[in-house]
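What follows is each chain in one-letter form.
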Amino acid sequence: MNAIVENHAAHATQMNARHLDALESEAIHIMREVAAECSNPALLFSGGKDSVVLLRIAEKAFRPGKFPFPLVHVDTGHNFEEVITFRDKRVAELGERLIVGSVEESIKKGTVRLRNPQTDSRNAAQAVTLLETIAAHGFDACIGGARRDEEKARAKERIFSFRDEFGQWDPKSQRPELWDLYNTRVHPGENMRVFPISNWTELDVWQYIAREKLELPPIYFAHERKVIPRNGLLVPLTDLTPAREGETVETQVVRFRTVGDISCTCPVSSDAATVEQIIAETAVTQITERGATRMDDQTSEASMEKRKKAGYF
């Protein structure tokens, strides 16, 4: 009986390895296709887990040479400090160029207007700053880590997702992608958003992180944090997200499944402190990472699609 169990486990391990190899191979092919077909691409890197995976894919696609594109981050100014510290450390290790688009600068210029720039969520405002960054540097393609399993609107995306001269996305007019053939043709002012890990799941990402032994910001792992239970979420207690009248503040062991603007990103209750424990937890969860952690996606089912049509990634 033990031999049967061991053989089954070994077979499952081999199947998983082949699955990750296939996903990696597809992503490398897409990354190289961008480099070959686009004249001025960029890779979006926030320091989050999906963009960390993209960096490893880029390393496998282009090392020992330099990346054929710069790294770009749209900084809301309200990001978790641990993530920004990790972002800068990783970029320095790679020796690549980082371009930072600042929502704060967009606010100062008047292209982004918020009722209260100090406390309002800047998540949706990233779309404006991203479009300004694309225009300023003339990028014709931006490579990002969005996956189809994250959210309904992202499930509608092509791998090469066309944006018009206004930076807008129309899910009904996307180009067909048959037999891994991608149409990268754009006119001046238009651009592509390219998603090499579209077909990956959250579990695939964590299994790949484990296999490649990739470093991540520490907030992805279980730690104690003061949180405010609110509408089924755990809102982190910060200057940007204080407790409201009548709410209680609790200290819980939590981790972040996704990282973003402090004003809209919540941790989840978890004692998973290692990649292996996170994999086990992810394998049985029935709630998507955005559904469990993003306050801005709670407003309506169309929230993400509306932001994407306006230029959000």
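Details of the structure are given in the entry above.
Since the model is a prediction, treat every value here as computed from it, not as a measurement.

Analysis parameters
- Residues numbered from 1 in each chain as written.
- Predicted model: local features only at pLDDT ≥ 70, side-chain atom pairs only at ≥ 80, totals over all residues.
- Heavy atoms only, no water.
- Core = buried A, V, L, I, M, F, W, Y, C linked by side-chain atoms within 4.5 Å.
- Buried < 20%, exposed > 50% of the residue type's maximum accessible area, 1.4 Å probe, protein only.
- Helix = DSSP H or I, 4+ residues; strand = E, 2+ residues; numbered from the N terminus.
- Patch = residues over 30% accessible without salt bridge, like charges linked within 9 Å, V, L, I, M, F, W, Y side chains within 5 Å.
- Areas by Shrake-Rupley, 256 points an atom, 1.4 Å probe, with all protein chains shown as cover.
- Salt bridge = Lys/Arg side-chain N within 4 Å of Asp/Glu carboxyl O.
- Expected span 1.5 Å × (residues − 1).
- Contact = heavy atoms within 4.5 Å.
- Phe/Tyr/Trp six-rings, centres within 6.5 Å; stacked < 30°, edge-to-face > 60°.
- Axes fitted to C-alpha atoms, helices over the stretch in contact; angles between N-to-C directions.
- Parallel < 35°, antiparallel > 145°, perpendicular 65-115°, else oblique.
- Pairing = 2+ DSSP bridges.

Chemist: Would you mind going over the nonpolar core with me for this structure?
Modeler: For soluble globular proteins, the rule of thumb is that nonpolar side chains tend to be buried together. Core analysis: the biggest nonpolar cluster contains 53 residues, and Met 31, Leu 43, Val 53, Val 194 and Trp 200 have the highest contact counts within it. Mapped onto this core, the elements with two or more residues apiece are helix H1 (2-37), helix H2 (49-62), helix H3 (81-94), strand E4 (141-143), strand E5 (160-163), strand E6 (191-194), helix H6 (202-212) and helix H7 (275-284). When residues of this core are assigned to their parent elements, the largest contribution, eight residues, is made by H2. Counting residues in each nonpolar core, the second largest holds 13 residues, with Val 72, Val 74, Ile 99 and Ala 125 among its members.

Chemist: Which parts of the structure should I look at to understand a nonpolar patch on the surface?
Modeler: Judged by side-chain polarity, Leu 178, Trp 179 and Leu 181 come together as a nonpolar surface patch covering roughly 420 Å² of accessible area. Mapped onto the elements, Leu 181 comes out in the loop between E5 and E6. In this structure Leu 181 comes out as exposed when scored by relative accessible area, which is 56%.

Chemist: Looking at this model, I keep getting lost on H3. Mind explaining?
Modeler: Working note: α-helix, 3.6 residues per turn, so residues spaced by three or four point in the same direction. A rise of 1.5 Å per residue sets the reference length of H3, with its 14 residues, at 20 Å; its end C-alpha atoms lie 20 Å apart and thus fit the reference within 8%. Here the buried face of H3 lies against H2, strand E2 (71-75) and strand E3 (98-102).

Chemist: Teacher, can you tell me more about the packing of aromatic side chains here?
Modeler: In this description, a pair of aromatic rings is defined by centroid distance and the angle of the planes. Per the counting criterion, the structure on display carries six aromatic pairs. Taking 5.9 Å as the distance between ring centres and 50° as the angle between the ring planes, the aromatic pair formed by Phe 67 and Phe 69 counts as tilted. On the accessibility criterion, Phe 67 (7% relative accessible area) is buried. Site record: aromatic cluster; members linked through ring pairs are Phe 62, Phe 67 and Phe 69.

Chemist: Help me out: how do you make sense of the packing of H2 against H3 in this one?
Modeler: When two helices pack together, their arrangement is given by the angle between the helix axes and by the axis-to-axis distance. Following both chains from N to C, one finds H2 and H3 inclined at 5°, their axes separated by 12 Å at the closest point. Classified by the angle between their axes, H2 and H3 sit roughly parallel to one another. On H3, the residues touching Val 52, Leu 55 and Glu 59 of H2 are Phe 86, Arg 90 and Leu 94.

Chemist: Just checking my understanding: could you explain the sheet that holds strand E10 (residues 268-269) for this structure?
Modeler: Adjacent strands of a sheet form backbone hydrogen bonds with each other and so pair up, either parallel or antiparallel. Ordered by their spatial adjacency, four strands build an open sheet running E8-E7-E9-E10, and the pairing between neighbours is antiparallel. With one partner strand each, in any of the chains shown, strand E8 (233-236) and E10 form the two edges of the open sheet.

Chemist: In this structure, what is going on with the pattern of salt bridges? I would like to understand it.
Modeler: Any two side chains of opposite charge can pair, given that their charged atoms come close. Applying the stated criterion to the full structure yields 22 salt bridges. Asp 149 is the partner of Arg 147 in a salt bridge, and the nearest nitrogen-oxygen pair spans 2.9 Å. Note that Arg 257 is salt-bridged to Glu 202, the shortest N-O span being 2.7 Å. Of this pair, Arg 257 sits in the loop between strand E9 (250-255) and E10 while Glu 202 sits in helix H6, placing them 55 residues apart in sequence. A network of salt bridges, in which partner residues are shared, links Asp 21, Glu 24, Arg 56, Glu 59, Lys 60, Lys 89, Arg 90, Glu 93, Arg 211, Glu 212 and Glu 215.

Chemist: How do you make sense of the side chain of Glu 202 when you look at a structure like this?
Modeler: The exposure class assigned to Glu 202 is buried, which follows from its relative accessible area of 5%. With near-sequence residues (within four places) excluded, Glu 202 lies in contact with Lys 49, Arg 147, Asp 149, Arg 257, Thr 282 and Glu 289.

Chemist: For this particular structure, what's the right way to read the sheet that holds E2?
Modeler: Across the sheet, six strands lie side by side as E3-E2-E1-E4-E6-E5; this open sheet has mixed pairing. Unpaired on one side and paired on the other, E3 and E5 mark the two borders of the sheet. Averaged over neighbouring strand pairs, the angle between their axes works out to 30° when direction is ignored. Of the pairings in the sheet, the one linking E2 to E3 comprises five bridges and is parallel in character. In the sheet register, Val 72 faces E3, and the bridge partner there is Ile 99. Most of the contacts of H3 go to E2, to which it runs at about 165°, and overall it touches E2 and E3. Running at roughly 135° to E3, helix H5 (residues 126-137) makes contact with strand E1 (41-44), E2, E3, E4 and E6 of the sheet.

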